[in-house]
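Chain and residue survey
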Amino acid sequence: MEVSCRIIFCILLLAAVSMEGAEPESESESEESSIISRFQQYLKINTAQPTPRYQEVADFLISEGKGLSLESESIEFVGGKPLVLLKWEGKNPHLPSILLYSHTDVVPSEHSKWTHHPFSAHLDSHGRIFARGSQDMKCVGMQYLEAVRRLKARNFQPLRSLYLAFSPDEEIGGHDGAEKFAQSEIFQRMNVGVVLDEGLASPDAHYRAFYAERTPWWMVIKSVGAPGHGSKLYDNSAMENLLKSIESIRRFRASQFDLIKAGLKAEGDVVSVNMVFLKAGTPSPTGFVMNLQPSEAEAGFDIRVPPTADPESLERRIAEEWAPSSRNMSFSFKQKAPTRNKSGKPILTKTDGSNPWWDLFENAVQKAGGKLGKPEVFPAATDSRYFRELGLPAIGFSPMANTPVLLHDHNEFLHKDEYLKGIEIYESIIKAYASFNDHGRDGASKDEL
Ligand SMILES: [Zn+2]
């Protein structure tokens, strides 16, 4: 019995080996390798801030767009920083259009700490593609293009016009790209109805989608007090005043962090506060004067405020507890982005029945076999804010399930199977969005937002 089983197994094995050897590479295999190689080409262009190869990446994207017969242009709101805009005109160009948005720049990387060079786009034996930008967010930009390629190959014709925008400077604030783009006449003429932008990888099987983001408040608090001998104990020195504030801020930080640790709130739903600098002391040629208590001290904090928080109560807390004038403290903001729009409503995209784009999105992901987690608030800032501030629905989404979150980290990678799956997901979303034929509900959703 055992012997005959072995013989059968050997015959099967031989058959399998000979089939593999005899058969030419299948069509889908060669298609897959060209998809991966286009992704690698994009990844290999060094677009790290502060000196991205803007021209090279714009040329690459325009040639990709032309290859797909898309209308293409390179727009420079600021000289030398091109935003590439590709267009697939819909059958009814009067309907609000779809904007598939991404950024081309990436953050710098410490090459020596990477296993493979961050611009080599190395594909390892496990199928992982290592590159800066593989998660944030060259994957998404290229997946949009691949989804369009497939839809074109299937003779799909969009009803609504579809735009693909590749902007130059998200990683340094987006001021010369998305911000100017959203305010431009070009953007107005595009008559955008909905925006898709970046999300985050998910370590489990669910994709993550983001409907809002926390806004940065960069605060500096300053204390003053009488200077004194280093040996003297007295009240109201600048250092003492500042330390009291730091203690109070730390307690608040811990209370917010506890909510996350207890599983009561997600990261994007709490106010985070982190100290980013401390500036005090009287310099001397050998360091600092050691027997003098200084008359001034400063500390800087990166605060992130979710749209669901009450900004007035936070401002009160800052003025009364963190930098009270009664303790010779003052505060100022290096940056303070609004959490509410002009009509006083929180800046967020609805994820209920009132927003048809959300329903379409959810159904399209499901239809393509993807599982969506509960929609979240993005913990940091993205270019989506410039579109949400206009009242446009914007969904942050990067289809990467079963993937560790490695954006801005060493050895950023994306598995090729996740990348390929993401293309199917976008194909489904684009199909649903570009076919959506409901003018009336468009208007309603925008007013509500
Ligand atoms: Zn990004």
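Once a new chain begins, its residue numbering starts again from 1 and follows that chain's sequence as written. Where totals are concerned, whole chains, interfaces and linings use all residues; where local detail is concerned, this predicted model gives features only for residues with pLDDT of at least 70, and gives and counts side-chain atom pairs only at 80 or more.

Under an unreviewed UniProt entry, the protein has the name N-acyl-aliphatic-L-amino acid amidohydrolase and belongs to Sphenostylis stenocarpa. UniProt positions are given in the numbering used here, feature names are shortened, and annotations may be inferred rather than shown by experiment. Under the heading Subcellular location (unreviewed entry), UniProt records this for the protein: "Cytoplasm".

So, about the overall build of the protein. Counting its secondary structure elements, the protein contains twelve helices and 21 strands. Expressed as a percentage of the 449 residues in the protein, the buried residues total 40%. Taking contacts inside the protein between residues at least 6 apart in sequence as the whole, the part at least 24 apart equals 78%. Secondary structure elements follow DSSP: runs of H or I of four or more residues count as helices, runs of E of two or more count as strands, with numbering from the N terminus. Any residue whose C-beta has 12 or fewer other C-beta atoms within 10 Å is treated as exposed, any with 20 or more as buried, and any in between as partly exposed, C-beta atoms being built from the backbone. Contacts are defined on C-beta atoms placed from the backbone: any two residues whose C-beta positions lie within 7 Å are in contact.

On to the UniProt feature "binding site: Zn(2+) 1" (unreviewed entry) in the protein. Cross-referencing UniProt, the feature "binding site: Zn(2+) 1" (unreviewed entry) maps to His103, Asp136 and Glu198 in the present numbering. Considering the C-alpha atoms alone, the annotated residues occupy 96 residues of sequence yet fold into one spot, their largest mutual distance being 8.7 Å. Among the structural elements, Asp136 can be located in the loop between β5 (128-130) and α4 (138-153). The buried category is assigned to Asp136, around which 27 C-beta atoms lie within 10 Å. Look past the residues within four positions of Asp136 in its chain and what remains in contact with it is Val106, Glu198, Leu407 and His408. Its location among the elements puts Glu198 in the loop between β7 (192-197) and β8 (206-207). Contact partners of Glu198, with chain neighbours within four places excluded, come to Ser102, Asp136, Met137, Val140, Thr382, Gly396 and Ser398.

Our focus in this paragraph is the confidence of the model for the protein. Close reading of the predicted structure is inappropriate where its pLDDT is low. The pLDDT value expresses, per residue, how confident the predictor is, ranging between 0 and 100. Per-residue pLDDT for the protein has a mean of 92; in total, 92% of the residues score no lower than 70. Contacts for the low-pLDDT stretch residues 1-23, under 50 throughout, to residues beyond four places or in other chains number zero contacts.

Bringing the domain arrangement of the protein into the picture now. By domain assignment, the protein separates into domain 1 (35-212 + 346-448) and domain 2 (215-305 + 309-336). At the junction of the two partners, domain 1 supplies five residues and domain 2 supplies seven residues. For the domain bounds, the source is a domain assignment made automatically or taken from a database.

The subject of this paragraph is helix α3 (residues 54-67). For α3, which comprises 14 residues, the first-to-last C-alpha distance of 20 Å matches the rise-based estimate of 20 Å (1.5 Å per residue) to within 8%. Those residues of α3 that sit buried are Tyr54, Val57, Ala58, Leu61, Glu64 and Gly65. One side of α3 carries all its buried residues, which in axial view fall inside an arc of 125 degrees. Exposed side of α3, more than 90 degrees from the buried face: Gln55, Ser63, Lys66 and Gly67 are the residues found there. Buried residues belonging to α3 abut β1 (71-75), β2 (83-88), α4 and β6 (162-167). Phi turns positive, to about 55 degrees, at Ser69, one or two residues after α3. By definition here, a helix of n residues has an expected span of 1.5 Å times n minus one. What the arc covers is the set of directions going from the helix axis to the C-beta atoms.

Quick look at unusual backbone geometry now. A cis amide bond links Gln49 to the next residue, Pro50, at an omega of 5 degrees. Backbone torsion omega between Asp136 and Met137 reads -15 degrees, so that peptide bond is classified as cis. Within the element layout of this structure, Met137 appears in the loop between β5 and α4. Here Asn402, not a glycine, exhibits a phi torsion of approximately 50 degrees, which is positive. Within the secondary structure, Asn402 is located in the loop between β20 (394-397) and β21 (413-415).

Bringing the sheet that holds strand β19 (residues 376-378) into the picture now. Criterion used throughout: strands pair if DSSP finds at least two bridges between them. Reading across from one edge, β1-β2-β6-β3-β7-β20-β9-β19 is the order of the eight strands in this open sheet, with mixed pairing throughout. Whereas interior strands pair on both sides, the edge strands pair on one side only; in this sheet they are β1 and β19. When the angles between neighbouring strand axes are averaged without regard to direction, this sheet yields 30 degrees. Pairing of strand β9 (residues 209-213) with β19, which is carried by three bridges, proceeds in the parallel orientation. Within the sheet, the bridge partner assigned to Ala212 lies in β19 and is Val377. Fitted lines through C-alpha atoms give the axes, limited to the stretch in contact for helices. The angle between two N-to-C directions lies from 0 to 180 degrees. In the packing of α3 onto the sheet, the strands contacted are β1, β2 and β6, and the crossing angle to β1 comes to about 165 degrees.

Axis separation between helix α9 (residues 356-367) and helix α11 (residues 416-435) bottoms out at 8 Å; the angle between their running directions is 140 degrees. Accordingly, the angle class assigned to the pair α9 and α11 is oblique. Judged by the twist between their axes, the crossing of α9 over α11 is right-handed. Touching Leu360, Phe361, Asn363, Ala364, Val365 and Lys367 of α9 are Ile425, Ser428, Ile429, Ala432 and Tyr433, all from α11. Three residue categories are used. Nonpolar comprises Ala, Val, Leu, Ile, Met, Phe, Trp, Tyr, Cys and Pro, charged comprises Asp, Glu, Lys and Arg, and polar comprises the others, including Gly. Class assignment of the residues belonging to the contact of α9 with α11 gives a composition of eight nonpolar, two polar and one charged. Oblique is the label for any angle not covered by the other classes, which are roughly parallel (under 35 degrees), roughly antiparallel (over 145) and roughly perpendicular (65 to 115). Whether a crossing is left-handed or right-handed is set by the direction in which the near helix is turned from the far one by less than a right angle, anticlockwise for left-handed and clockwise for right-handed.

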